[in-house]
Amino acid sequence: MKLSNAIGLLPFAAALTAWAILPLYVDYPSYMLPPLPDVWTHLLEALADGTLAGHVANSLGRLALGFAVGTGIAIPLGIAIALNRHVADTLKPLLTFLQSIAGIAWVPLAIIWFGIGIGSVVFVIANTIFFATLYNTVIGVQAIPQALHRAVRSLGGKGLSLASVLILPGALVQLIVGFRTAMAYGWRALVAAEMIAGTNGLGYMTIEAVQWYRTETVLLGMIAIGLIWLVMDRLIFEPIERVTVRRWGIVQR
Amino acid sequence: MNSPKVRIAARDLRLEYRDEARGEHHLAVEKLSLDVRENEFLCVVGPSGCGKSTLISAIAGFLKPVAGELTLDGKRIEGPGADRGVVFQEYALLPWMTVLDNVALGPKLKGVPKTERHERARHYLAMANLSDAALKFPHELSGGMKQRTAVARTLANEPQVMLMDEPFAAIDAQTRMTLQEELLRIWSKSRITVLFVTHSVEEACFLGDRVAILTPGPGRVKEIVDVPIARDRRNWATLGADPEFARIRDYVLASVRGVDGKAA
């Protein structure tokens, strides 16, 4: 492990230490913040009986489905908006109006349309990822320098060949950076939606535990939510950026 | 003697460009007439704002003339096309493609199969002394290498005319001199028609068979000067101290600056 990675672990270690020694100095009921060993024991139980894995798998499956639906609609629509003034003029006011209604604000209507369960949750995630991706697609296409357009057109590119050689890869530059944000928003919306309209998943797991004052489950859920995102970011989005935009010299860090 | 064949003909051209930020139209070129002859290297010089880049845009087909006629081989220019290759000041290489794929882009757009277009790209890369850079990405190249890649890409598409819009303006002085010599060496192997726009009088006289001088905006052709210096003497070691080159350069410079006593 590189030193820069190891340093990133320090704040986590500090937080865990504080959590572990806090009961020695402060007197508080353990249901408010259960001792670290209790949460650890609970983690081992939840791993052993497969409940945690089940919730995680459900949540990740929904995120993937919501991502597919959201980006599948947002990318073609974003390209159309960026390239065609009439499409842009027609749709922009509506999209701005809808954008102000945050993904989570759709939950009540989603419950009425799709009922409690996977349908509502996926709808809310897809909705959230759709807006983040749409915005990035429009920006990405519009940010393609005019000189590149001209170069490809004077090399003989037009219509579909122009789209495949220039527009899609050009938009991808912004999209790859944007996917990270879109997925982060989607992941947050997912947890919230599961709390209200879910029947399983990490969000449901944490909110359900509140009824029984199982604070260790709540904490376990929150840690899992953060940890899964950290792993996804490191194992999926960082490598994708490394072999694309950073290799092309567009993003330097 | 037969008069040489004309490839590009501009007659009483009027060009305007739109200032997007202000939403205004500006007159760039008015009553401009110019012939670009087959297989010649024609340079266009003029002060900034004389509309020389706008002229390239119109010939490339990015901009429609407001008035006048603009033709390639007698046919009116209607839009961009692979018959007119363009080299831009900002290189305009696709950052997500390797040098090889950038150079093979024109043939790719024409549907040439992969092995064949890569073979052709490698041929032009070798011509531009870039064989070792074939698998690099553009951001790994120096400015000079980027522009040589752009020239190779244009030539690999085998256009009838190469339009060059201040291609060396963003490159440092020493590299620029090398690139000018390189360009002539590469051009001597293909000998296609070139229209080269620059604000540097020295560059124009070094490269061109003829140099067209534009008046300050709105631009018209003030005069066209022949550069009767043999192609085998076109290197800086020879011309740097050549009295004939100096005479032509000083003449063109005076004309561009408007201190030659002639009406603009």
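Residues numbered from 1 in each chain as written. Chains lettered and ligands numbered in written order. Predicted model: local features only at pLDDT ≥ 70, side-chain atom pairs only at ≥ 80, totals over all residues. Heavy atoms only, no water.

1. Remarks on the overall build of chain A
Rules: By definition, any uninterrupted DSSP run of H or I lasting at least four residues is a helix, any uninterrupted run of E lasting at least two residues is a strand, and each is numbered from the N terminus. Burial classes: relative accessible area under 20% of the type maximum marks a residue as buried, over 50% as exposed, and values in between as partly exposed (1.4 Å probe, protein chains only). Method for areas: the Shrake-Rupley scheme with a 1.4 Å probe, in which residue coverage is limited to the protein chains shown. For the purpose of counting charges, residues Lys and Arg are taken to be positive, whereas Asp and Glu are taken to be negative. His and the chain ends are not included. Each charge is placed at NZ for Lys, CZ for Arg, CG for Asp and CD for Glu.
Along chain A, the regular secondary structure elements total 10 helices and zero strands. In chain A, the succession of helices and strands from N to C terminus is α-α-α-α-α-α-α-α-α-α. Viewed in the frame of its principal axes, chain A has a C-alpha envelope of about 75 × 50 × 30 Å. When burial is assessed residue by residue, chain A has 43% of its 253 residues classed as buried. Carbon and sulfur atoms provide 70% of the accessible area of chain A, an area that totals close to 13700 Å². Treating the 15 positive side-chain charges of chain A as one cloud and the 11 negative ones as another, the clouds have centres 24 Å apart.

2. Some details on the environment of V86 of chain B
Stated precisely, the cut-off is as follows: Residues are treated as being in contact if the distance between any of their heavy atoms lies within 4.5 Å.
Relative to the helices and strands, V86 of chain B is located in strand β6 (residues 84–87). On the accessibility criterion, V86 of chain B (6% relative accessible area) is buried. Sequence separation between V86 of chain B and V194 of chain B is 108 residues, and the spatial gap between their C-alpha atoms is 10.0 Å. Excluding anything up to four places from it in sequence, V86 of chain B contacts S154 of chain A together with A60, F62, T154 and L163 of chain B.

3. Section: the interface of chain A and chain B
Buried accessible area, meaning the area lost when the parts come together, often serves as the stated size of an interface. This is how the line gets drawn: Buried area counts how much accessible surface, traced with a 1.4 Å probe, disappears from two parts once they are put together, with both parts' losses summed. Here, a salt bridge means any Lys or Arg side-chain nitrogen found within 4 Å of an Asp or Glu carboxyl oxygen.
Contact with chain A, which involves 22 residues of that partner, is made by 22 residues of chain B. Around 1900 Å² of area is buried between chain A and chain B when both sides are counted, 73% of it from carbon and sulfur atoms. Among the residues chain A hides against chain B, the three largest losses belong to S154, L155 and W248 of chain A. Together they make up 34% of the total. Linking chain A with chain B are zero salt bridges.

4. With respect to the nonpolar core
Where we set the bar: The term nonpolar core refers to a set of buried residues drawn from Ala, Val, Leu, Ile, Met, Phe, Trp, Tyr and Cys, joined through side-chain atoms within 4.5 Å.
Among the nonpolar cores identified, the biggest contains 52 residues, and F41, M162, L183, F196, V211 and V252 of chain B are the most heavily contacted of them. In this structure, V252 of chain B is in contact with V45, V201, C205, V211, I213 and V225 of chain B, ignoring residues within four places of it in sequence. Ranked by size, the runner-up nonpolar core spans 51 residues in total, among them V251 of chain A together with V29, V44 and L70 of chain B.

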